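Structural overview
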Amino acid sequence: MNYDDLANLIFPDVVDSSVYEEKYPKRNLKEGAMVTRFAPSPTGFVHMGSLYTSFADIRLARQTGGVVYLRIEDTDQKREVEDGITGIINDFNNLKIYFDEGPTQGGGYGPYIQSERKDIYQSFAKKLLKEGKAYPCFATEEELKEIREIQEKKKSRIGYYGRWAKYRDLPVEEAIAKIKEGTPYIIRLKSPGKFENKIVLDDCIKGKIEMPENDMDIVIIKSDGLPTYHFAHAVDDHLMHTTHVIRGDEWVSSYPIHKQLFEVLGFEVPKYAHIAPLTIKEGNTIRKLSKRKDKESAISFYHKLGVPNEVINLYIATVNNSNFEEWYVEHPDKTIDDYEFTFDKMPVGGSLFDLEKLQSISKIYFSKLTAVDIYNRTLEYAKQYDMEFYDLIKDDKDYLVALLNIERNVERPRMDIGSYSDVKEQFWYMYDELFNKVEDPYKEVSYPYDVSFIKDYFINVYREEDTEEDWFNKVKEYAKDKGFAINRKEYKENPSNFLGNIADFCSIIRVMLTTSNTSPNMYDLLKIYGKDKLLKRVDLFLDSINK
Ligand code: GLU
């Protein structure tokens, strides 16, 4: 009896691996084109970390005229989440992120869901069995535990390797007999490596890293017939002709296993780029951004807030390549697609995830949009997340567009909107329906003097038709008449001669309309809001503060 008998007993109906080699020929791409893949397990949603990795996959493939594909890694059926695959696919669609090949769009190298590739993995496992490079292992849980305990006691390296690998050298006849008896087993690699030997990972991002050669007889096919991550990685990335494996750096330590698997299988080893994780500060420690713990990790968090996908992309691009941000500022008319991303500009250690930075990128982004564009997008956003605001804005486009146009088409536009939800936050006071809902809107407001003249100002002085210049001249004149200094120097010299200065007078108007001391241009706000409504608001204001 020989290895062939063993292989045929274990995988009687599996075709020869050469069938797959022929089925998936080398891709016809130009020199230097990168083939990359994003390979999530089916967790059900896309999070910041996955976006970060897939961004690199996509940019590098597109830049080089290559191919980027999506592969779902669902061989760990214990971890699978219900709807885990559709969740990921939907999220990518919503983000308008498209792969060239994948479970929904297909492609010449599928299936792109690992659980549908069982026969393929088994055919390569069969090949290794035939060559004596893999073997069935019958070790039970108890046996493995026992080995570990002895290793711990003897202070030996823990694991299933070399002389500890109990079934590694089991004669083929005995293995066949055990299988025929129905003894459960898994399939392990018969590692040809020596721990004393050193290998080098020449990582595209991290540079050269020296590591001991793998000598562990790792599991390649589990008892459910599915492959482990390691084995599926080697088989898939070979057959799908991945040139660059871009993945999280938690996989660096598995590189010796992967290199060895590729070599044992007779495959060319691809290039690796290990991406440092996004991190977050928690007290004094810095830890990996967690898709379970951190709300800002979920993409849905930004959608609810109304942060546009483009901003998320810009943020990811900023973290991804250290000089992207500077370039983008210098080339305001260009897009991410015009920038050439390179591995050497990617961070080697973790990158701190910075929500404030994302918000400031967003504000710059919004400052470049037209008011009509913001209106349309806000309407769409509100329809999904804020029906109250949707109802208020849907039939009065001009009103909100006018508000959004305040200080927009100028050299230094306002930077106060960073999300669609900020639009309401910025202008709520311009909608009486929202204003009237606020309980005691002026509760923080008080003056050391009677401000009732403000009503007189609106009735007798304020005119919507005035130009900004006329308006302000009249304001000054009126304020002076009421005892305010209109000249800063004058006021400084003798503050007690005045009620306040011109800024204080304007502040009364501003607070009356907006409840706040800062706002977009007053002249525009007053004009857009309209005199009739101003007269009502002034009554509300005076009633409230004179209470
Ligand atoms: N399925 C692996 C993960 O989610 C992918 C690693 C890889 O890209 O090879 O971590």
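Predicted model only: the values in this text are computed from it and were never measured.

It is worth spelling out the overall build of the protein chain at this point. Within the protein chain one finds 24 helices and 14 strands. Taken over C-alpha atoms, the radius of gyration comes to 33 Å for the protein chain, far larger than the 24 Å a tight globule of 547 residues would show. Dimensions of the protein chain, computed from the C-alpha atoms along their principal axes, are close to 110 × 55 × 40 Å. Taken over 547 residues, the protein chain has a buried fraction of 50%. Taking all contacts inside the protein chain whose residues are at least 6 apart in sequence as the whole, residues at least 24 apart take part in 74%. Summing over all exposed atoms, the protein chain offers an accessible surface of approximately 27400 Å²; the carbon and sulfur share of this is 48%. Positive and negative side-chain charges of the protein chain, numbering 77 and 93 respectively, have mean locations separated by a distance of 3 Å.

Nonpolar side chains in soluble globular proteins generally cluster together in the buried interior. Met 48, Met 430, Tyr 431, Ile 454, Phe 458, Leu 513 and Phe 541 are the most contacted members of the largest nonpolar core, which has 112 residues in total. Ranked by size, the runner-up nonpolar core spans 58 residues in total, among them Tyr 112, Tyr 121, Leu 239 and Leu 261.

On to the environment of Ala 39, then. Counting through the fold element by element, Ala 39 comes out in the loop between strand S1 (35-38) and helix H3 (48-63). Expressed as a C-alpha distance, the spacing of Ala 39 and Tyr 69, which sit 30 residues apart in the sequence, is 8.5 Å. Dropping the residues within four chain positions of it, Ala 39 is found in contact with Arg 71 and Glu 73.

Moving on: the pairing of strand S3 (residues 134-137). Burial along S3 is two-sided: Ala 134 and Pro 136 and Tyr 135 and Cys 137, pointing in opposite directions, are all buried. Both S3 and strand S4 (residues 186-189) contribute to a ladder of 4 bridges, which runs antiparallel. In the strand pairing of S4, Tyr 135 is matched with Arg 188.

To continue, consider helix H7 (residues 172-181). For H7, the set of buried residues is Val 172, Ala 175, Ile 176 and Ile 179. End-on view of H7: buried residues confined to an arc of 100°, all on one side of the axis. As for H7, its buried residues are in contact with helix H1 (3-10) and S3. Just downstream of H7 lies Gly 182, where phi reads positive at about 95°.

Let's shift gears to the site of the ligand. What surrounds the ligand is the set Arg 37, Ala 39, Ser 41, Glu 73, Tyr 229, Arg 247 and Trp 251. In this structure, an oxygen atom belonging to the ligand sits 2.7 Å away from a side-chain N or O atom of Arg 37. Between the ligand and Glu 73, the relevant distance is 2.6 Å, taken from a nitrogen atom to a side-chain nitrogen or oxygen of the residue. About the coverage of the ligand: the protein hides 81% of its 300 Å² of free accessible area. In terms of residue class, the shell around the ligand is built from 3 nonpolar, 1 polar and 3 charged.

Glancing now at the pattern of salt bridges. As enumerated under the stated definition, the model contains 36 salt bridges in all. Three or more residues joined by partner-sharing salt bridges are found here, namely Arg 37, Arg 71, Glu 73, Arg 117, Asp 236 and Asp 237.

A ring pair, where both rings are aromatic, is described by two values, the distance of the centres and the angle of the planes. For the structure on display, the rule yields 45 aromatic pairs. Where Phe 301 meets Tyr 302, the ring centres are 5.0 Å apart and the plane angle is 90°; that geometry is what we call edge-to-face. Here Phe 301 matches Tyr 302 in class, with each residue buried. Where Tyr 449 meets Phe 484, the ring centres are 5.7 Å apart and the plane angle is 80°; that geometry is what we call edge-to-face. Placement of Tyr 449 in the loop between helix H18 (432-435) and helix H19 (453-461) and of Phe 484 in strand S13 (residues 484-485) is noted, with a sequence separation of 35 residues between them. Taking relative accessible area as the criterion, Tyr 449 reaches 16% and is therefore assigned buried. Between the NZ or CZ atom of Arg 27 and the centre of the ring of Tyr 109, over which it lies, the distance is 4.0 Å. The ring of Tyr 160 carries the charged tip of Arg 188 above its face, separated from the ring centre by 3.8 Å.

The next point concerns unusual backbone geometry. In the segment running from Gly 110 into Pro 111, the intervening peptide bond is cis, with an omega of 0°. For Pro 111, the position within the fold is in the loop between helix H4 (84-94) and helix H5 (118-130). Despite not being glycine, Lys 96 shows a phi value in the positive range, around 60°. Among the secondary structure elements, Lys 96 is positioned in the loop between H4 and H5.

About the cut-offs
- Residues numbered from 1 in each chain as written.
- Predicted model: local features only at pLDDT ≥ 70, side-chain atom pairs only at ≥ 80, totals over all residues.
- Heavy atoms only, no water.
- Helix = DSSP H or I, 4+ residues; strand = E, 2+ residues; numbered from the N terminus.
- Rg over C-alpha atoms; globule rule 2.2 N^0.38 Å.
- Buried < 20%, exposed > 50% of the residue type's maximum accessible area, 1.4 Å probe, protein only.
- Contact = heavy atoms within 4.5 Å.
- Areas by Shrake-Rupley, 256 points an atom, 1.4 Å probe, with all protein chains shown as cover.
- Lys, Arg positive; Asp, Glu negative; His and termini not counted.
- Charge placed at Lys NZ, Arg CZ, Asp CG, Glu CD.
- Core = buried A, V, L, I, M, F, W, Y, C linked by side-chain atoms within 4.5 Å.
- Pairing = 2+ DSSP bridges.
- Arc of directions from axis to C-beta.
- Near = heavy atom within 4 Å.
- Polar contact = N/O pair within 3.5 Å; in protein donor to acceptor, adjacent residues only side chain to side chain.
- Nonpolar A, V, L, I, M, F, W, Y, C, P; charged D, E, K, R; others polar.
- Salt bridge = Lys/Arg side-chain N within 4 Å of Asp/Glu carboxyl O.
- Phe/Tyr/Trp six-rings, centres within 6.5 Å; stacked < 30°, edge-to-face > 60°.
- Lys NZ or Arg CZ within 6 Å of the ring centre and 35° of its normal.

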